[in-house]
Every structure is written in structure tokens, then in C-alpha cells.
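# Descriptive analysis of the structure
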Amino acid sequence: MQPIRLGLVGYGKIAQDQHVPAIHANPAFQLVAVATQGQPCAGVENFRSLGELLENGPQVDAIAFCTPPQGRFALVQQALAAGKHVLVEKPPCATLGEAMALVEQVREQGVSGLFAWHSRYAPGIEAARDWLASRTLQSVQIDWKEDVRKWHPGQAWIWQPGGLGVFDPGINALSIATHLLALPLFVESAELRVPDNCQSPIAASIKMADARHLDIRAEFDFDHGHDELWSIEIRCAEGVLRLDNGGALLSIDGVRQAVSEEGEYAAVYRHFQQLINDKTSDMDLQPLRLVADSFFVGSRAAVEPFYD
Ligand SMILES: NC(=O)C1=CN([C@@H]2O[C@H](COP(=O)(O)OP(=O)(O)OC[C@H]3O[C@@H](n4cnc5c(N)ncnc54)[C@H](O)[C@@H]3O)[C@@H](O)[C@H]2O)C=CC1
Ligand SMILES: O=C1O[C@@H]([C@H](O)CO)[C@H](O)[C@H]1O
């Protein structure tokens, strides 16, 4: 069977760290061209824009988007207009309206679209979801803290409108929570702590609930120490479930559980391949909706300026 010919837009940190290695490791895909404004990608044809790639480049069947969320909507629309399947990094767009429009446009074009909530593919997530399915949930505590200087060095876009600030990693925790919890979640209150010289928050405290008033709290921090804290603890009548290391580790009442051996991005691309084969899409809006709601109802507290 012919591999899916893949183009990639935005050869930056995550493309280099995760996407290109995952693509090369999956024989169902062949990376044939990159469009980027930074350093070129070795071994493939490089272009300065998606338009140039589509016009002058090799034939592609699908395109992966690893650009910042600002401006990504127009880029994905360009690919859809050319009839390409699309894999879109998180957050899918800079606004909820743009993401909703992409869902419709993918359906109208009859191609496959994936909003790649990569944390949902962490090794412990499905085992956690299976365990929780028959339990009585009492409370959820989310702590998602990392160093922006480590994971987004020199990336000014993350502090600009549409860059989401600490919600850029925080949305990963929300993507896990919305995948694990059966009912829709609502933001009851939030405090967004915004540095004087930034347009987006460096830290946030969020209180959420579901229709059964499950108490869900989240603490996000982008100015955390070198050792990340990416954990979700779910207290149930039957015991305590805990995900650590972004969902790579799962424990129940303190006992480590067996988890998948597959990495997040290998699973993301395997899922994308399956969607294309099945002529369907997976474009969940809920994590972005919770971020939008946090910005709607969140109080703002000014904090000291941030310098990279
Ligand atoms: N940095 C990380 O650890 C992770 C980032 N992500 C997500 O991936 C996305 C990108 O993040 P990073 O790779 O860290 O950012 P980055 O700033 O390192 O890379 C963005 C790349 O896009 C290119 N670019 C920007 N506009 C373009 C355009 N119009 N046409 C072609 N190329 C363009 C830039 O030249 C740059 O190479 C974000 O949505 C982020 O949330 C996801 C997982 C982890
Ligand atoms: O999506 C993201 O993941 C973190 C970090 O790469 C952990 O995977 C990063 O801050 C954020 O963009």
C-alpha cells in the first residue's frame, strides 16, 4: 500500500522533537515537504510558505500543522481548499470560532481532520479511563506546572493574544480531564495571573464542575522549577487514581499500574492514519472551550513582568 505523502508546516520545536521522529517511525507515512519560516528540515524539499509548497512542491495527501496557533486557521483552510487531510497541533486555533469553522470545513471537504490533543495519547490514559468508568468520583485535583524557558525558549508568540500563555500546556491537562470524565465540564471561576509585560497569563487557578457538581480544581504554572509537575489526582469512593508525568505514569491507591508502551506522538500518527483509512475525523472542541470559558469568567491579577 502506498504511504500517505505528508507535508508539514512549521518546523519548530515540537516538529523537530516529536512530529518528524514519529512520522519517520511510521511506514504508513512519508514526509515529502516542509513549509517553514525558520531552519529547514533535512532530507525533504523545503518551502517558505504553504502556498509555495502546494503550488510548486511534490504531491501531498495530508498536511501536519505545527505553527503557533495565531494564523493557523488560514493555513489549515488553505490545505482544506486543496483537498488535503489535516493534522492540527493543539490548540487547534487562536479562537473557538475558528476551530468550530474548521470542523465544518473538514466535513464539507470530505477529508479527514485530527485535532491532535497529544496528552490524550499518553501511556496511562486509556487504563485510567477504563478504571474510572465504574467508580464513584468525588473530586479532581489537577496540577500542571512547567518552565516556559525549557519548553518554549524564546517563543514570543506564546505571550501574545491567541498564544494562551500557561494555558498552552494547561490545555493538555484539560484535554485529559475531558477525555476521562464522562460529563461535560463547566468553569465556575478562574484567576488568571498576567505579567505586566505580557498579554496572556503565566499562572492560573481554575474551579470547574460537571452536572453532578463534581469538584474539579486546576493549578497551572508556567514559571515552575526545572522538574515539571504534570499530575491529575482523582479521588473516588473506591480509591484514589493518580496520573503523573503528563499521563505516562498511572497509580491506584499508590500502586503503579501497567500502561501502554506506545509514545504519545506514535499514537497520534497511528490514529491519524486510521482516520484517513476510515474516511472519518476526530476534532474535539471541548478543551479549547474550557480555555475560552476560563478567559471569559477569569479575574485578572497583575504580576511582575516576565523575561525569558
Ligand atoms: N514546545 C513544546 O514543547 C510543544 C508545543 N506544542 C504545540 O506546537 C505548536 C508549535 O509550538 P513550538 O513548536 O514549540 O513553536 P516554535 O515557535 O518552536 O515553532 C513554530 C514554527 O512555525 C514556523 N512558522 C510560523 N508561522 C509560519 C507560517 N505562516 N508558515 C510556515 N511556518 C511558520 C516558525 O518558523 C517555527 O519554526 C504550538 O501550538 C504548541 O502549543 C505541542 C506540544 C509540545
Ligand atoms: O503541548 C505542550 O506540551 C508541553 C510540554 O512539551 C510537555 O509535553 C508544552 O509546554 C506545551 O506546548
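Okay, so let's go over this structure. (Residues numbered from 1 in each chain as written. Chains lettered and ligands numbered in written order. Predicted model: local features only at pLDDT ≥ 70, side-chain atom pairs only at ≥ 80, totals over all residues. Heavy atoms only, no water.)

## What to know about the site of ligand 2
Going by this rule: Nearness is defined per residue: one heavy atom within 4 Å of the molecule or strand is enough. Distance and chemistry together define a polar contact, namely a pair of N or O atoms within 3.5 Å, with one atom able to donate a hydrogen and the other to accept it when in protein, and with adjacent residues in sequence counting only for side-chain atoms on both sides. Calculation of accessible area relied on Shrake-Rupley with a 1.4 Å probe; when residues are assessed, cover is drawn exclusively from the protein chains displayed. Put simply, DSSP H or I for four residues or longer makes a helix, DSSP E for two residues or longer makes a strand, and each gets a number counted from the N terminus. When residues are sorted by character, Ala, Val, Leu, Ile, Met, Phe, Trp, Tyr, Cys and Pro go into the nonpolar class, Asp, Glu, Lys and Arg into the charged class, and all the rest, Gly among them, into the polar class.
With respect to spatial proximity, the complete set of residues near ligand 2 consists of Lys-90, His-118, Glu-146, Trp-151, His-152, Asp-168, Pro-169, Asn-172 and Trp-230. Interatomic distance of 2.4 Å between a side-chain N/O atom of Glu-146 and an oxygen atom of ligand 2. Within the side chain of Asp-168, a nitrogen or oxygen atom sits 2.4 Å from an oxygen atom of ligand 2. Within the complex, 81% of the 310 Å² of free accessible area of ligand 2 lies under protein. With three residues, helix H7 (residues 167–180) is the largest single contributor of residues to the shell around ligand 2. The residue makeup of the shell around ligand 2, split by class, is three nonpolar, three polar and three charged.

## Concerning the sheet that holds strand E7 (residues 137–145)
To be explicit about the condition: Only strands joined by at least two bridges in the DSSP assignment are considered to pair. Here a residue-residue contact requires only that any non-hydrogen atoms of the pair lie within 4.5 Å. Orientation is described by lines fitted to C-alpha atoms, with helices fitted over the stretch in contact, and by angles between N-to-C directions that extend from 0 to 180 degrees.
With respect to topology, nine strands assemble into an open sheet ordered E14-E13-E12-E11-E7-E10-E9-E8-E15, the strand pairing being mixed. What marks the edges here is a single partner per strand, and that holds for strand E14 (255–256) and strand E15 (299–303). Two strands pair when backbone bridges link them, and E7 and strand E10 (residues 215–221) are joined in this way by seven bridges, in the parallel orientation. Within the sheet, the bridge partner assigned to Asp-143 lies in E10 and is Glu-219. Contacting E7, strand E11 (229–236), strand E12 (239–244) and strand E13 (249–252), helix H5 (residues 125–132) runs over the sheet at an angle of about 165° to E12.

## Regarding the side chain of Ser-231
We apply this condition: Whether a residue is buried, partly exposed or exposed follows from its accessible area with a 1.4 Å probe, protein chains only, as a fraction of its type maximum: under 20%, in between, or over 50%, in that order.
Checked against the element boundaries, Ser-231 lands in strand E11. Judged by relative accessible area, which is 2%, Ser-231 ranks as buried. Residues within four places of Ser-231 in sequence aside, it is in contact with Gln-141, Ile-142, Asp-143, Trp-144, Arg-242, Leu-243 and Asp-244.

## Here we look at the packing of H5 against H7
As a reminder, the rule being used: Put simply, angles under 35 degrees are roughly parallel, angles over 145 are roughly antiparallel, angles from 65 to 115 are roughly perpendicular, and the rest are oblique. Helix crossings get a hand from a simple test, with the near helix turned counterclockwise from the far one by less than a right angle marking a left-handed crossing and a clockwise turn marking a right-handed one.
Taken N-terminus to C-terminus, the directions of H5 and H7 make an angle of 40°; their axes are 9 Å apart at the nearest point. Our classification of the angle between H5 and H7 gives oblique. The way H5 lies across H7 gives a crossing that is right-handed. Between H5, through Ile-125, Glu-126, Ala-128, Arg-129 and Leu-132, and H7, the contact on the second element is made entirely by Ile-176, His-179 and Leu-180. The class makeup of the residues in the contact of H5 with H7 is five nonpolar, one polar and two charged.

## A closer look at the sheet that holds strand E5 (residues 85–89)
Remark on secondary structure: sheet strands pair via backbone hydrogen bonds, oriented parallel or antiparallel. Pairing is parallel across the open sheet formed by six strands, whose spatial order is E3-E2-E1-E4-E5-E6. Looking at strand neighbours, the two that pair on one side only are strand E3 (45–47) and strand E6 (113–116), the edges of this open sheet. Averaged over neighbouring strand pairs, the angle between their axes works out to 25° when direction is ignored. Across four bridges, strand E1 (residues 4–9) lies against strand E4 (residues 62–65) in parallel orientation. If you follow Leu-8 over to E4, its bridge partner there is Ala-64. Helix H1 (residues 13–24) rests against E1, strand E2 (29–35) and E5 of the sheet, and its axis sits at about 175° to E1. Those strands touched by helix H3 (residues 72–81) are E1, E4 and E5, and its axis lies near 165° from that of E5.

## Description of the packing of aromatic side chains
Centre distance and the angle of the planes are the two values used to describe a pair of aromatic rings. To be explicit about the condition: Pairing of aromatic side chains requires ring centres within 6.5 Å, counting the rings of Phe and Tyr and the six-membered ring of Trp. Pairs whose planes differ by under 30 degrees are stacked, by over 60 edge-to-face, and all others tilted.
Per the stated rule, a full pass over the model turns up eight aromatic pairs. For the pair Phe-29 and Phe-272, a centre-to-centre distance of 6.0 Å together with 5° between the ring planes defines the contact as stacked. Placement of Phe-29 in strand E2 and of Phe-272 in helix H8 (residues 264–277) is noted, with a sequence separation of 243 residues between them. Classification of Phe-29 as buried rests on a relative accessible area of 6%. Classification of Phe-272 as buried rests on a relative accessible area of 0%. Summarising the aromatic geometry, the rings of Trp-151 and Trp-230 are spaced 5.5 Å apart at their centres and angled 55° between planes, so their arrangement reads as tilted. Taken together, the positions of Trp-151 in helix H6 (residues 148–151) and Trp-230 in strand E11 put the pair 79 residues apart, joining distant regions of the chain. The class of Trp-151 is partly exposed, set by a relative accessible area of 28%. Taking relative accessible area as the criterion, Trp-230 reaches 15% and is therefore assigned buried. Through a chain of ring-to-ring contacts, the aromatic side chains of Phe-29, Tyr-269 and Phe-272 assemble into a single cluster.

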